[in-house]
Amino acid sequence: MFEQIFENVRGKSPLVHCITNYVTVNDCANMLLACGASPIMADDPEDAVEITGLCGGLVINIGTLNQRTIPAMLAAGKRANELGHPVVLDPVGAGASALRTDTALRLIEELKFAVIRGNISEIKTLSCGSGTTKGVDADVADRVTEDNLDGAVSFARELARRTGTVIAVTGAVDIVTDGGRAFCVRNGCPEMSSITGTGCQLSALTAAFVTANLDHPLEAAAAAVCAMGLCGETARRRMTEADGNASCRNYIIDAMYRLTPAKLEKGADYEVR
Amino acid sequence: MFEQIFENVRGKSPLVHCITNYVTVNDCANMLLACGASPIMADDPEDAVEITGLCGGLVINIGTLNQRTIPAMLAAGKRANELGHPVVLDPVGAGASALRTDTALRLIEELKFAVIRGNISEIKTLSCGSGTTKGVDADVADRVTEDNLDGAVSFARELARRTGTVIAVTGAVDIVTDGGRAFCVRNGCPEMSSITGTGCQLSALTAAFVTANLDHPLEAAAAAVCAMGLCGETARRRMTEADGNASCRNYIIDAMYRLTPAKLEKGADYEVR
Amino acid sequence: MFEQIFENVRGKSPLVHCITNYVTVNDCANMLLACGASPIMADDPEDAVEITGLCGGLVINIGTLNQRTIPAMLAAGKRANELGHPVVLDPVGAGASALRTDTALRLIEELKFAVIRGNISEIKTLSCGSGTTKGVDADVADRVTEDNLDGAVSFARELARRTGTVIAVTGAVDIVTDGGRAFCVRNGCPEMSSITGTGCQLSALTAAFVTANLDHPLEAAAAAVCAMGLCGETARRRMTEADGNASCRNYIIDAMYRLTPAKLEKGADYEVR
């Protein structure tokens, strides 16, 4: 199934509007190009609404939100909802500050998201309305491991049901659920947590996958999570003793550029619960 | 002739003020350094005017324009015009939204540009006052190929005459004309369209080349287009089976760092019509 | 001593808040991750104050300052001062425009900095209240060489005494002083001046080192300067004939990812005056 999903991305070349942070925006653009999609960035409120109209999907990432970009997120999100375009939310740092938490909650209240992707601390913040996020990384106490996976799956499933949204919680094990089935994904490599923006790239990628597979948001989001992790594995194998996080970042995007639908189907490492 | 033009860039190290988008700004800065120029970025209106005064040239790129940066573009452009500094416009996404189209048209009306560089859809938008740009890439229907090259050259030449500006239309074949001679450039590689910001980098590079060769804007712009394409070819030859668009991006900048005036002279692939 | 300092960075993983320019922000984030620290970027005034409270240290870089980010710098800096967090200033382009010079001077007047790191032209501007900075690079007339090192050390020492701040002047020879001892550092490679943001990365790195070594700001800043230069040397040795500034940029960050406390201790090339 993931083979067909990825073929749709490569074949349809979805145009994805990104309202995203300025830290990792270049990597998000190159990741979208690597998977066969096209990126366009616009965060002026007036411009963002019109640009969203041209695109097939939208990703909203609050990593460096400010008073100018928040209205752009809301306005573009509403326009995308009107048009039936899938919208992906990356609630970067929700729980770390009131502005981030409140903005994320307001976005969820006013917009309909196809997928929300974040680390466990961010997702817990969205569920509870407050959190203990330590910066932009998951709180150690929260991290999803094999030991607490059952609880995390139940939590994600419950949130997905309540919000009517696919929830993707990423970490050592990733969980993607629409409230029914839950994909538990074990692709990836530890180096990914030492590279800025692998989460942001995954959110952009998810928007591309969901946009090219409108009838299958759950499977498309799970395929994007597997694809990103698989590229991390490919990048890790390519690393020499001189390579560090900067080269690994490039290798992950390179791996996506080279990934084929068949290789994704074969390399995807997940179980459905 | 291109040898001397590039020697002037390396020898004079022009300081280029960039008011550019936050997606590809880092690559633009490294590309300017790679060719021997120096970049400085300033987009606060107050700051931009003064910084332009220090520099030799200015590039205005509307890729992520907003209500704060538009006044900076206009004010810095006017100051650069007063000082006789060459100004290059990259009308990213003109035709894709009213804000982009209107801003590009207003910039052309209020400022004197040495060079305008864009894809064919963007340039057509500037010519007609409206367009069909699909995001930030050229519309398929518009693309310049060997089959429609004659018509594209005539179109670019007419626009160059009407605006008194060197027009650089980049695509599979690039056209650079001042309304008289037209350089048709065949350097480049297909991977460049899968890398975010190769167009933005070329616009910044063009500003450096024109700034270091004030008496020859047409030849300087054509040399920049050839140099960028030649670096794309070098990068492509360097790519292994594991490399994708991220590594190719680095290799293009690396190739510019290593490019010599003699190699540019020898590798430039163009005809003059 | 530098071994222990770097072990503290790796062991404590300080969370560093960066209010920095959008040109080099991605490299700053990856450099912080490479050294074992964690970055978080927030430049909305409301958000910045709260995010600073979560972090251990703050770096303020004025490379692309604007009317929205200046209040964020002041507000976050005051909060960091209240909390006793070290704050590092990178006065990018001070002397190049009134907005940059005035902002840098105002920041120094209103905030208490642990370290100020810049090139000699920027630091002279802070000392005199005006300058001759040519863009973002040091003015040739100002550059620190072996010939004028004594004078530069005296100048830096005097400024450090007057401001009660560790002053780090970086160039061919780097000087780090608290007004008493002065570390003269000879690590580094010439390619670093052809890469955008090596100075910005060093400022972020310095914030991480000082945050993890609160009782030794002078030694921590000197260790960061040595570590950055040492990584430049490693990167240079790794360069092939095809590599240029883009790959060198990646290799420097990679080298930091691989650098060990013992290798830093052994490779640091400095004298104390």
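Residues numbered from 1 in each chain as written. Chains lettered and ligands numbered in written order. Predicted model: local features only at pLDDT ≥ 70, side-chain atom pairs only at ≥ 80, totals over all residues. Heavy atoms only, no water.

J.: Give a description of the relation of the copies chain C and chain A that names residues and reports values.
T.: Note on the copies: chain C fits chain A at an RMSD of 0.0 Å, the axial shift is 0.0 Å, and the rotation between them is 120°. On the angle and the small slide along the axis, the relation comes out as a three-fold axis. It is Tyr22(C) whose C-alpha, among those of chain C, lies nearest the rotation axis, at 3.6 Å. (Least-squares fit on C-alpha atoms with pLDDT ≥ 70 in both.)

J.: Tell me about the relation of the copies chain C and chain B, and please be specific about residues and values.
T.: The operation relating chain C to chain B is a screw motion whose rotation component is 120°, with 0.0 Å of axial translation and a residual RMSD of 0.0 Å. Comparing interface residues between copies, only 9% of those in chain C also sit at the interface in chain B, which points to a heterologous contact through distinct surfaces. (Contact = heavy atoms within 4.5 Å.)

J.: Quick one: what's the story with the environment of Ala212(B), residue by residue and with numbers?
T.: Residues and elements named next belong to chain B. Structurally, the position occupied by Ala212 is in the loop between α8 (198-211) and α9 (217-238). Spatially, the C-alpha atom of Ala212 lies 8.7 Å from that of Arg10, the residues being 202 residues apart in sequence. Setting aside its immediate chain neighbours within four residues, Ala212 contacts Asn8, Val9, Lys12 and Pro14. (Helix = DSSP H or I, 4+ residues; strand = E, 2+ residues; numbered from the N terminus.)

J.: Which residues make up unusual backbone geometry, and what values go with them?
T.: Among all residues except glycine, the phi angle is most often negative; among peptide bonds, the trans geometry is most common. For Ser13(A), which is not glycine, the phi dihedral falls at a positive 40°. Note on placement: Ser13(A) falls in the loop between α1 (2-12) and β1 (15-19).

J.: Explain the interface of chain C and chain A to me, and be specific about the residues and the numbers.
T.: With 30 residues of chain C at the contact, the number on the chain A side is 35 residues. For the pair chain C and chain A, the summed buried area comes to about 2700 Å², and 47% of that belongs to carbon and sulfur atoms. Together, Asn26(C), Tyr257(C) and Arg258(C) form the three largest contributors to the area buried by chain C at its contact with chain A, with a combined 18%. Inspection of the region where chain C meets chain A yields two salt bridges. (Buried area = accessible area lost by both parts, 1.4 Å probe. Salt bridge = Lys/Arg side-chain N within 4 Å of Asp/Glu carboxyl O.)

J.: Could you give an account of the side chain of Asp174(A), with specific residues and numbers?
T.: All names here are of chain A. Mapped onto the fold, Asp174 is located in strand β7 (residues 174-177). For the buried residue Asp174, which engages in no salt bridge, the nearest side chain bearing the opposite charge is Arg117, 7.0 Å off. Within the structure, Asp174 has its side chain in polar contact with the backbone nitrogen of Gly171 (distance 2.9 Å). Excluding residues that lie within four positions of it along the chain, Asp174 makes contacts with Val169, Phe183, Cys184, Val185, Asn187 and Val225. (Buried < 20%, exposed > 50% of the residue type's maximum accessible area, 1.4 Å probe, protein only. Lys, Arg positive; Asp, Glu negative; His and termini not counted. Polar contact = N/O pair within 3.5 Å; in protein donor to acceptor, adjacent residues only side chain to side chain.)

J.: Can you explain the sheet that holds β1(A)? Please cite residues and give values.
T.: Sheets are built from strands paired through backbone hydrogen bonds, the pairs being either parallel or antiparallel. Residues and elements named next belong to chain A. Sheet architecture is open: nine strands sit in the order β2-β1-β3-β4-β5-β6-β7-β8-β9, paired in mixed fashion. At either margin of the open sheet sits one strand with a lone partner, and together these are β2 (38-41) and β9 (270-272). Along the sheet, successive strands turn relative to each other by an average axial angle of 20°, direction set aside. Here strand β5 (residues 115-118) runs beside strand β6 (residues 166-169); their pairing, made up of four bridges, is parallel. Across the sheet, residue Val115 finds its bridge partner in β6, namely Val166. Strand contacts of helix α7 (residues 149-163): β6, β7, β8 (182-185) and β9, with the helix running at about 30° to β7, the strand carrying the most contacts. (Pairing = 2+ DSSP bridges. Axes fitted to C-alpha atoms, helices over the stretch in contact; angles between N-to-C directions.)

J.: Hey, could you go over α1(A) for me, with residue numbers and the actual values?
T.: Note on helix geometry: an α-helix contains 3.6 residues per turn, so any two residues three or four positions apart are oriented the same way. Residues and elements named next belong to chain A. Burial in α1 covers these residues: Phe2, Ile5, Phe6, Asn8 and Val9. The buried residues of α1 all sit within an arc of 150° when viewed along its axis, so they share a single face. The positive-phi residue at the C-terminal boundary of α1 is Ser13, with phi of around 40°. (Arc of directions from axis to C-beta.)

J.: So what's going on with the sheet that holds strand β4 (residues 87-90) of chain B? Which residues, and what values?
T.: All names here are of chain B. Taken together, nine strands build an open sheet; the order of strands is β2-β1-β3-β4-β5-β6-β7-β8-β9 and the sheet is mixed. Every other strand in the sheet has two partners, leaving β2 (38-41) and β9 (270-272) as the edge strands with one partner each. For this sheet the average axis-to-axis angle between neighbouring strands, irrespective of direction, equals 20°. Seen against the sheet, helix α6 (residues 120-128) touches β5 (115-118) and β6 (166-169) and runs at an angle of roughly 130° to β5. The sheet strands contacting α9 are β5, β6, β7 (174-177), β8 (182-185) and β9, and the helix crosses β7 at an angle near 165°.

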